[in-house]
Amino acid sequence: MDLNNFKAKEILKKLSIEEKVGQMLMFAFHGTEFNDQLKTQMDEFHLGGVIHFARNIIEPNQVLKLNKDIQEYSKYPMFIGVDQEGGIVQRITKGTTPFPGAMALSATQQNIRKLHSYIGEDLKRMNYNMVFAPVADINNNPMNPVINSRSYSDDPNIVSKYVIDAFNGFQDANILPTVKHFPGHGDTSVDSHVSLPMVNKSKEEIESLELIPFKEAIDARIDGVMVAHIVYPAYDNIYPSTLSKKIVTDVLRQKLGFKGLVVTDSLTMGAINNNYTKKEIVTLVANAGIDLLIFCGKADIAEQREIFQGFVQSVKEGNIPLEKIDESVLRILEFKEKYCNIPNQEYIYPTKEKIELGNNLSLNSITLVKDGNLLPIKTLIDNDVLENTLVIFPKIKLFSLVDNEVNDYVTLGNCLKKHNVNLDEIIISAEEFNLSFIKERALSYDKIIMATYNVCKDDYQTKVFNCLPKDKVTVVAMRSPYDIYHLEGLESYICIYEASDLALNNLALCLVGKERFLGKLPVKLK
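Values in this document were obtained by computation on a predicted structure and should not be read as measured data.

Chemist: Help me out: how do you make sense of the overall build of the chain in this one?
Modeler: A count of helices and strands for the chain gives 19 helices and 17 strands. Rg of the C-alpha trace for the chain: 24 Å, near the compact-globule value of 24 Å for 526 residues, within the 12% margin. Principal axes of the C-alpha set define a box for the chain whose edges measure 80 × 50 × 40 Å. Expressed as a percentage of the 526 residues in the chain, the buried residues total 61%. Expressed as a percentage of contacts within the chain between residues at least 6 apart in sequence, the contacts between residues at least 24 apart total 78%. Counting every atom, the chain has about 20200 Å² of accessible surface; 48% of that belongs to carbon and sulfur.

Chemist: Would you explain the nonpolar core in this entry?
Modeler: Most often, soluble globular proteins keep nonpolar side chains buried together rather than apart. The biggest cluster of nonpolar side chains holds 111 residues, and the ones touching the most others in it are L25, Y128, F182, L293 and F311. Aside from chain neighbours lying at most four places away, what touches L293 is M24, L25, M26, T264, L267, V282, V285 and F311. Core analysis: the next-biggest nonpolar cluster, separate from the first, contains 29 residues, A107, A442, V464 and L487 among them.

Chemist: What's the story with the packing of helix α3 (residues 36-43) against helix α13 (residues 301-316) in this structure? I'm lost.
Modeler: Two packed helices can be described by the angle between their axes and the distance between those axes. Interhelical geometry of α3 versus α13 gives an angle of 5 degrees and a closest axis separation of 11 Å. With respect to α13, the element α3 is oriented roughly parallel. Contact residues: Q37, T40 and Q41 in α3; I301, Q304 and R305 in α13. A per-class count over the contact of α3 with α13 returns one nonpolar, four polar and one charged.

Chemist: What should I look at first to understand the pattern of salt bridges in this one?
Modeler: Pairs may arise between side chains of opposite charge once their charged atoms sit close together. If you walk through the whole model with that rule in mind, you get 25 salt bridges. Note that D83 is salt-bridged to K180, the shortest N-O span being 3.1 Å. Residue D83 is found in the loop between β3 (79-82) and β4 (84-86), and its partner K180 is found in strand β8 (residues 179-182); the two are separated by 97 residues along the sequence. Taken as a pair, D83 and K180 share a single burial class, namely buried. Two residues, K201 and E210, come together in a salt bridge whose shortest N-O distance is 2.8 Å. Assessed through its relative accessible area of 16%, K201 is described here as buried.

Chemist: It is not clear to me how a nonpolar patch on the surface should be interpreted in this structure. Could you clarify?
Modeler: A surface patch of nonpolar side chains, about 310 Å² in accessible area, is lined by L380, I381 and L386. With respect to the secondary-structure elements, L386 resides in the loop between β12 (367-370) and β13 (389-394). L386 sits in the partly exposed class, given a relative accessible area of 46%.

Chemist: I would appreciate a short explanation of the sheet that holds strand β7 (residues 176-177) in the present structure.
Modeler: The parallel open sheet is built from six strands, whose spatial order is β7-β6-β3-β2-β1-β11. Either end of the sheet is taken by a strand with one partner, and the two such strands are β7 and β11 (293-295). The pairing of strand β6 (residues 130-131) with β7 spans two bridges and is classified as parallel. Note that in β7 the partner of V131 across the bridge is P177.

Chemist: Explanation requested: unusual backbone geometry in the structure shown.
Modeler: If a residue is not glycine, its phi is most likely negative; likewise, a peptide bond is most likely trans. Between A133 and the following residue, P134, the backbone shows a cis peptide bond with an omega angle of 5 degrees. Cis geometry marks the peptide bond from K180 to H181; its omega dihedral reads 5 degrees. Position of H181 among the secondary structure elements: in strand β8. Despite not being glycine, Q109 shows a phi value in the positive range, around 60 degrees.

Chemist: Whenever I open this one, the packing of aromatic side chains confuses me. Can you help?
Modeler: Any pair of aromatic rings gets described here by the distance separating the centres and the angle formed by the planes. Here the structure, examined in full by the defined rule, presents ten aromatic pairs. With a centroid separation of 6.1 Å and an interplanar angle of 80 degrees, the aromatic rings of F27 and F45 are classed as edge-to-face. Within this pair, whereas F27 is found in strand β1 (residues 25-27), its partner F45 is found in the loop between α3 and β2 (49-52), the two being separated by 18 residues in sequence. Among the aromatic residues, those joined into a cluster by ring pairs are F27, F45, F295 and F308. Against the face of F465 rests K470, its NZ or CZ located 4.8 Å from the ring centre.

Chemist: Would you mind going over the sheet that holds strand β16 (residues 473-477) with me for this structure?
Modeler: What holds strands together in a sheet is hydrogen bonding between their backbones, with the strands either parallel or antiparallel. An order of β12-β17-β16-β15-β13-β14 is seen for the six strands of this open sheet, with the pairing classed as mixed. Every other strand in the sheet has two partners, leaving β12 and β14 (423-428) as the edge strands with one partner each. Across the sheet, the mean angle from the axis of one strand to that of its neighbour is 20 degrees, orientation sign disregarded. Two strands pair when backbone bridges link them, and β12 and strand β17 (residues 493-495) are joined in this way by three bridges, in the antiparallel orientation.

Chemist: Explain the pairing of strand β10 (residues 261-264) here, please?
Modeler: For a regular strand, the rule is simple: side chains alternate between the two faces of the sheet. A two-sided burial pattern is seen for β10, the buried positions comprising L261 and V263 on one face and V262 and T264 on the other. Where strand β9 (residues 224-227) and β10 come together, four bridges link them in parallel fashion. Along β10, the bridge assignment pairs V225 with V262. Running through helix α10 (residues 245-255), the crossover from β9 to the neighbouring parallel element β10 is right-handed.

Chemist: Quick question: what am I supposed to make of the pairing of β13 here?
Modeler: Counting buried residues in β13 gives six out of six residues, a clear majority hidden from the surface. Covered by surrounding structure in β13 are T389, V391 and F393 together with L390, I392 and P394, the residues of both alternating faces. Two elements, β13 and β14, share six bridges in a ladder whose sense is parallel. Paired with P394 across the bridge in β14 is I428. Of the strand pairs in this sheet, β13 and strand β15 (residues 447-452) are connected by four bridges, and their pairing is parallel. Each bridged residue has a counterpart across the sheet, and for L390 the counterpart in β15 is I448.

Chemist: Would you take a moment to explain the side chain of S492 for this structure?
Modeler: Structurally, S492 is set in the loop between β16 and β17. Residue classification places S492 among the buried residues on the basis of a relative accessible area of 0%. Every residue in contact with S492, bar those within four places of it in the chain, is listed here: K370, G372, L374, V473, T474 and V475.

The rules we used
- Residues numbered from 1 in each chain as written.
- Predicted model: local features only at pLDDT ≥ 70, side-chain atom pairs only at ≥ 80, totals over all residues.
- Heavy atoms only, no water.
- Helix = DSSP H or I, 4+ residues; strand = E, 2+ residues; numbered from the N terminus.
- Rg over C-alpha atoms; globule rule 2.2 N^0.38 Å.
- Buried < 20%, exposed > 50% of the residue type's maximum accessible area, 1.4 Å probe, protein only.
- Contact = heavy atoms within 4.5 Å.
- Areas by Shrake-Rupley, 256 points an atom, 1.4 Å probe, with all protein chains shown as cover.
- Core = buried A, V, L, I, M, F, W, Y, C linked by side-chain atoms within 4.5 Å.
- Axes fitted to C-alpha atoms, helices over the stretch in contact; angles between N-to-C directions.
- Parallel < 35°, antiparallel > 145°, perpendicular 65-115°, else oblique.
- Nonpolar A, V, L, I, M, F, W, Y, C, P; charged D, E, K, R; others polar.
- Salt bridge = Lys/Arg side-chain N within 4 Å of Asp/Glu carboxyl O.
- Patch = residues over 30% accessible without salt bridge, like charges linked within 9 Å, V, L, I, M, F, W, Y side chains within 5 Å.
- Pairing = 2+ DSSP bridges.
- Phe/Tyr/Trp six-rings, centres within 6.5 Å; stacked < 30°, edge-to-face > 60°.
- Lys NZ or Arg CZ within 6 Å of the ring centre and 35° of its normal.
- Right-handed = clockwise from strand over helix to strand, strands pointing away.

What follows is the structure, encoded as structure tokens:
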């Protein structure tokens, strides 16, 4: 790979149809080192980009070497991307700047451009050049299973403000951001990883709400947009957005005037993969006007070969005009010219300043929504009468397929014990909760802290809450701020927006009175 003499227009003239098709594809892969699958992807499929998942990541220097080896083997510069939104959706969690998620950051009411430039610098030092963030969806549906606290707010103006801060920070660090999920995934009650959502609104409603953050980001010169797998019948009553020329070309390109790179959400997601063949997918997506087609899923080499060959065949059969391919490939190469650099040889870990900024933003996000005069919790070193505290904590399972898997299980009880709180902790799950035992035990404690995670109507968490003495209970919502809707009689309520070590440790500081609750709720509750 020669970046010194890389000129997009000159390279385009040299490419075969197979190489052009390869430039428009981004695949997932297996392994933590450069391997035969990656070689096949580049040699046989002429691949233009790869996406990392947690399975590819151990620690920063390993990632740096993997990405360096990919770039050095490739004939042309590669896009190397990762989902790094912060909070519950970040693939790299060790050795990088602490990174709260979207709703936690908006709860701070602070500027987040510098934080995102720091995150971008971390990614750049690991030889990434693309990030699938920030999220521009407006979380105006409390029942949304996939966006929720990944959104900054239910207010389009707040979302726009933070999206612009975030993408500018990434671009400051020479990382290509892709604002997502166009035209908006906020007002859905179906997870597109599993099936196909629909937003049944008029054009006027969509343009006065969902499209606002995307329009603001485009006007502020963002370089990338990710399109979602959602049906918007007001624009196209046949195809979901990713496959729709009416949405990608007519709305995003022409109406909103976007000149940058358009990428797909993963085309192996159930919303698309369950309804179309591989050849139909690539043909419809390319004709819709999308530049970069992303396939994650099983990362099976035989499936990837089928995708590549079907794409090439569709171009050669005239199902996709070569002019459209050239237009997308030129755009891809021009952005590679801008964002691809000579690989770094060694990772530089975040400075104390960067770590403090991330930690402080997380601390400032902790939100006391309802104060029932039950806090702070008295510790063993306080001069007051000793308090007995019961912590009830749920086993955390993935609520959406995009969430991080919880590898190192940290509970609130673990965090509070660091502050000499006299406590017992009960771990509950849908399979393991003994109401009579909990009800009896609860009577002997002065205070009860119940942590919740995406409470649903009549689920096991509501049953546990209902058996507790309400005058002793403080509930901590660890993801959705809407948990309170299902907890009748709740008087003391805290939101932390993500069940991360970072948030739980900062919550513990607030619960024992060592820090103040400074967060402001970014969504409206009934």
